[in-house]
Amino acid sequence: MSQQVAPVALRDIQRPVAATLERVVDELRRIIAADFPVIAEVNEHLLRMKGKLFRPTLLLLSHQAAGGEDPPPPPGRAVTLAAVVELIHLATLVHDDSVDHSALRRGLPTINALFSHQVAVIMGDYLYSRAIIELVALEDLEPLRVFARVTNEMTVGEMRQLEAHDKLAFGEAQYDALIRAKTASLLSGACEVGALDAAPSARAALARFGMSLGMAFQITDDLLDYTQPQAVTGKPSGLDLKEHKVTLPLIAALARLSPGERRPVERLMASQDPPDELVAEVIRAVELAEGLDYARRRAQELAQRAETELETLPPSPAREALRDSIAYAVERHS
């Protein structure tokens, strides 16, 4: 990949679709609106948690890069599909936070922390069902087919993670399968749905682009847990380790650690609530064993693969924005 002088800002990537993204937020409000008081209250909090709209951005940029017209006046099919992909993403976050008993997400209290685990589970289901209603209303099987497959993959991925009982035997192949299902499948689906009206070759290339981008994005996310403080990421540093999640930096390091060097890791995995000192010791061990460097190289390889897929598309501002999204995915700090 070409060298970046400075990290790419998401707002620059979003420039070709900025006006449409404003309509996506309005569409999100319309879709999740409810008369039921608790749902309305949770919805307001969810809209504050919605984040940077990265997945809707990818869908809209893919739509443009594959030759799609700018969306017509509201509601606009592309706008609805972009809102749906964010709804699915929000639903998975709400469920994941409940499963993990997480208290913070993007610096804000999670739904399960602010309300209850029961409310979080029901709200995740509500968001999924609202997404399905909107997809059915479009009377087009193709986006429904893609997103149904993706949500199933994500659910199986979550179950795969829960079933990984021997944490220290969790290898790179299993990790790849997990991040493909849990993260990359939705980014791939967003890009593919954006290109549904394009030639099959463009649709397939953008689906593969989204898959490689999503895997690079997740590896970078897992790296940030080792390298960035809470003030930057909005969640406590070392949280994955505290929750006994084995990600690529640790997997790579474990292969190089001697039995004696593995003992702090074993103590951490055996501890129900690992102390901060132990978490810090494991982070240092992973860094010394070059686990972070290995994960960075893997992210860069996947980024290169994603960039290659874009070469099949005609030049356009949207294609360049998608290229910049690769740099954003692997160079971001939060």
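Keep in mind the model is a prediction, meaning the values are calculated, not measured.

K.L.:
An account of the overall build of the protein chain is requested, with residue identities and associated values reported.
P.N.:
When its secondary structure is counted, the protein chain shows 17 helices and 2 strands. The C-alpha radius of gyration computed for the protein chain amounts to 20 Å, which stays within 12% of the reference 20 Å derived for 334 residues, consistent with globular compactness. Counting only C-alpha atoms, the protein chain reaches 65 × 50 × 30 Å along its principal axes. A burial count over the protein chain gives 53% of its 334 residues as buried. With the model as given, the accessible surface of the protein chain reaches about 15,100 Å², and the carbon-plus-sulfur share is 55%. Treating the 36 positive side-chain charges of the protein chain as one cloud and the 47 negative ones as another, the clouds have centres 1 Å apart.

K.L.:
Can you lay out the layout of surface pockets for me, pointing to particular residues and giving the numbers?
P.N.:
Empty space within the second largest pocket amounts to approximately 300 Å³. The wall of the second largest pocket is formed by 13 residues, among which D100, L162, K167, E243 and K245 lie closest to the centre. Here the lining of the second largest pocket is composed, by residue class, of 6 nonpolar, 2 polar and 5 charged.

K.L.:
Please set out the side chain of S185 residue by residue, giving values where relevant.
P.N.:
Within the secondary structure layout, S185 lies in helix 9 (residues 172–194). Among the residues examined, S185 registers a relative accessible area of 2% and is labelled buried. The contacts of S185, once residues within four sequence positions are left out, are V150, E153, M154, R180 and M211.

K.L.:
Which residues make up the environment of N43, and what values do they have?
P.N.:
Take N43: it is sitting in helix 3 (residues 37–49). Residues N43 and R298 lie 255 residues apart in sequence; the distance between their C-alpha atoms is 37 Å. N43 has contacts with I32, A33, A34, M123 and Y126, leaving out every residue within four places of it along the chain. Looking at N43, its side chain comes within polar contact range of the main-chain oxygen of I32, at 2.4 Å.

K.L.:
Requested: an account of the pattern of salt bridges, with residues and values cited.
P.N.:
Inspection of every chain in the model, using the stated rule, returns 27 salt bridges. The salt bridge involving E172 is made with R298; its shortest N-O contact spans 2.7 Å. With E172 in helix 9 and R298 in helix 16 (residues 291–310), the pair connects residues that are 126 residues apart, well separated along the chain. For E309, the salt bridge is made with R208, and the minimal N-O distance between the two is 3.0 Å. Of this pair, E309 sits in helix 16 while R208 sits in helix 10 (residues 200–227), and the two are 101 residues apart along the sequence. For E309, a relative accessible area of 15% translates into the label buried. Accessibility expressed as a relative area gives 42% for R208, which makes it partly exposed. In the salt-bridge network here, residues are joined through shared partners; they are E142, R145, R149, E153, E192 and R203.

K.L.:
Go over helix 17 (residues 317–331) with me, naming the residues and quoting the values.
P.N.:
Its 15 residues give helix 17 an end-to-end C-alpha distance of 21 Å, which sits within 8% of 21 Å, the value for a rise of 1.5 Å per residue. Buried residues dominate helix 17, accounting for 11 of its 15 residues. Those residues of helix 17 that fall on the buried side of the exposure criterion are A318, R319, A321, L322, R323, S325, I326, A327, Y328, A329 and V330. Buried residues along helix 17 sit against helix 1 (10–13), helix 4 (54–65), helix 10 and helix 16.

K.L.:
Can you explain the packing of helix 2 (residues 18–32) against helix 7 (residues 117–137)? Please cite residues and give values.
P.N.:
Put simply, helix 2 and helix 7 touch, their axes get as near as 10 Å, and they point 105° apart. Judged by the angle between their axes, helix 2 and helix 7 are roughly perpendicular. Contact residues: helix 2 offers R30, I31 and I32, while helix 7 offers Y126, L127, R130 and E134. Within the contact of helix 2 with helix 7, the residues separate by chemical class into 4 nonpolar, no polar and 3 charged.

K.L.:
Which residues make up the nonpolar core, and what values go with them?
P.N.:
Counting residues in hydrophobic clusters, the biggest one holds 102 residues, and the most contacted among them are L59, L127, F147, F209, L213, I219 and L250. Take this core: its biggest share by element is 12 residues, from helix 5 (residues 77–100). Apart from the residues lying within four places of it in its own chain, the contact partners of L127 are I32, L46, L87, L90, A91 and V94.

K.L.:
Let's hear about the environment of A190: which residues, and what values?
P.N.:
Inspection of the secondary structure assignment puts A190 in helix 9. In this view, A190 contacts R55, L59, V85 and F147; residues no more than four positions away in its chain are not counted.

K.L.:
I'd like a description of a nonpolar patch on the surface, backed by residues and values.
P.N.:
Together, V99, M159 and L162 line one region of the surface with nonpolar side chains, adding up to about 280 Å² of accessible area. When you line up the elements, M159 lands in helix 8 (residues 141–162).

K.L.:
Any details on the packing of aromatic side chains? Residues and values, ideally.
P.N.:
Counted by the stated rule, this structure contains 2 aromatic pairs. Between F54 and F217, the ring centres sit 5.4 Å apart and the planes meet at 15°, which makes this aromatic pair stacked. Here F54 is found in helix 4, whereas its partner F217 is found in helix 10, with 163 residues between them in sequence. Their ring planes at 55° and their centres at 5.3 Å tell us that F54 and Y328 sit as a pair that is tilted. With F54 in helix 4 and Y328 in helix 17, this residue pair connects regions lying 274 residues apart in the sequence. Grouping aromatic residues by their ring pairs yields a cluster made of F54, F217 and Y328. Just above the ring of F217 sits the side chain of R55; from NZ or CZ to the centre is 5.7 Å.

What counts as what
- Residues numbered from 1 in each chain as written.
- Predicted model: local features only at pLDDT ≥ 70, side-chain atom pairs only at ≥ 80, totals over all residues.
- Heavy atoms only, no water.
- Helix = DSSP H or I, 4+ residues; strand = E, 2+ residues; numbered from the N terminus.
- Rg over C-alpha atoms; globule rule 2.2 N^0.38 Å.
- Buried < 20%, exposed > 50% of the residue type's maximum accessible area, 1.4 Å probe, protein only.
- Areas by Shrake-Rupley, 256 points an atom, 1.4 Å probe, with all protein chains shown as cover.
- Lys, Arg positive; Asp, Glu negative; His and termini not counted.
- Charge placed at Lys NZ, Arg CZ, Asp CG, Glu CD.
- 1 Å grid on protein atoms, 1.4 Å probe; cavity = no way out; pocket = protein on both sides within 12 Å on 5 of 7 lines; lining within 4 Å.
- Points joined across faces, edges and corners; volume = space filled by probe spheres on them.
- Nonpolar A, V, L, I, M, F, W, Y, C, P; charged D, E, K, R; others polar.
- Contact = heavy atoms within 4.5 Å.
- Polar contact = N/O pair within 3.5 Å; in protein donor to acceptor, adjacent residues only side chain to side chain.
- Salt bridge = Lys/Arg side-chain N within 4 Å of Asp/Glu carboxyl O.
- Expected span 1.5 Å × (residues − 1).
- Axes fitted to C-alpha atoms, helices over the stretch in contact; angles between N-to-C directions.
- Parallel < 35°, antiparallel > 145°, perpendicular 65-115°, else oblique.
- Core = buried A, V, L, I, M, F, W, Y, C linked by side-chain atoms within 4.5 Å.
- Patch = residues over 30% accessible without salt bridge, like charges linked within 9 Å, V, L, I, M, F, W, Y side chains within 5 Å.
- Phe/Tyr/Trp six-rings, centres within 6.5 Å; stacked < 30°, edge-to-face > 60°.
- Lys NZ or Arg CZ within 6 Å of the ring centre and 35° of its normal.

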